[in-house]
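Report on the structure
Next come the chains, spelled out residue by residue.
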Amino acid sequence: MTPSIPSVRAIVARHAEATADNRVFFHPDIPEHRLAEALTAYPGIVPEDVLVLLDNTETGSATEGLLLTEDAIHVRKGPEQGQRLALSDLRSVEFIQQSISVLKINGVEALTDIRI
């Protein structure tokens, strides 16, 4: 079952209150310069659609990481082509925090060496 847009926004708002990190940003408090740079790596997404930005770069350019929109998760590792996963296809998300942190989506490594 696909989560409704209001429920996605409610989940994001709840986590925004509980998360303080300089690499994870929640709408409406996403720095404009990071969002603008991130969107160069994620063509077709407009700023008002971004609910969460995870910046996984050392420089703060946000060209590697993750964007959450109301209907999908968009992931980009370095210069590789970005991946889009519709929320309706989402089965599991797992964050493994160890010497090299990993984010798995549906059991597949989506991001490694996460810097949060």
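In what follows, the structure referred to is the one given above.
Reading the values: rules and limits
- Residues numbered from 1 in each chain as written.
- Predicted model: local features only at pLDDT ≥ 70, side-chain atom pairs only at ≥ 80, totals over all residues.
- Heavy atoms only, no water.
- Helix = DSSP H or I, 4+ residues; strand = E, 2+ residues; numbered from the N terminus.
- Buried < 20%, exposed > 50% of the residue type's maximum accessible area, 1.4 Å probe, protein only.
- Contact = heavy atoms within 4.5 Å.
- Pairing = 2+ DSSP bridges.

**Considerations on the overall build of the protein chain**
What the protein chain contains, in helices and strands, is two helices and eight strands. Reading the helices (α) and strands (β) of the protein chain from amino to carboxyl end gives α-β-α-β-β-β-β-β-β-β. Split into buried and exposed, the 116 residues of the protein chain put 40% on the buried side. Taking as baseline every contact in the protein chain between residues at least 6 positions apart, the subset at least 24 positions apart corresponds to 35%.

**Quick word on the pairing of strand β7 (residues 102-105)**
Side-chain positions along a regular strand alternate between the two faces of the sheet. With four bridges joining them, strand β6 (residues 93-96) and β7 adopt antiparallel strand pairing. Its bridge partner lying in β7, Val93 is registered against Ile105. Connecting the antiparallel pair β6 and β7 is a turn made up of five residues. Bridging between β7 and strand β8 (residues 108-112) involves four bridges; their strand directions are antiparallel. Looking at β8, one finds that Val102 is bridged to Thr112. Counted along the chain from β7 to the antiparallel partner β8, the turn is two residues long, and its residue Asn106 has a positive phi close to 55°.

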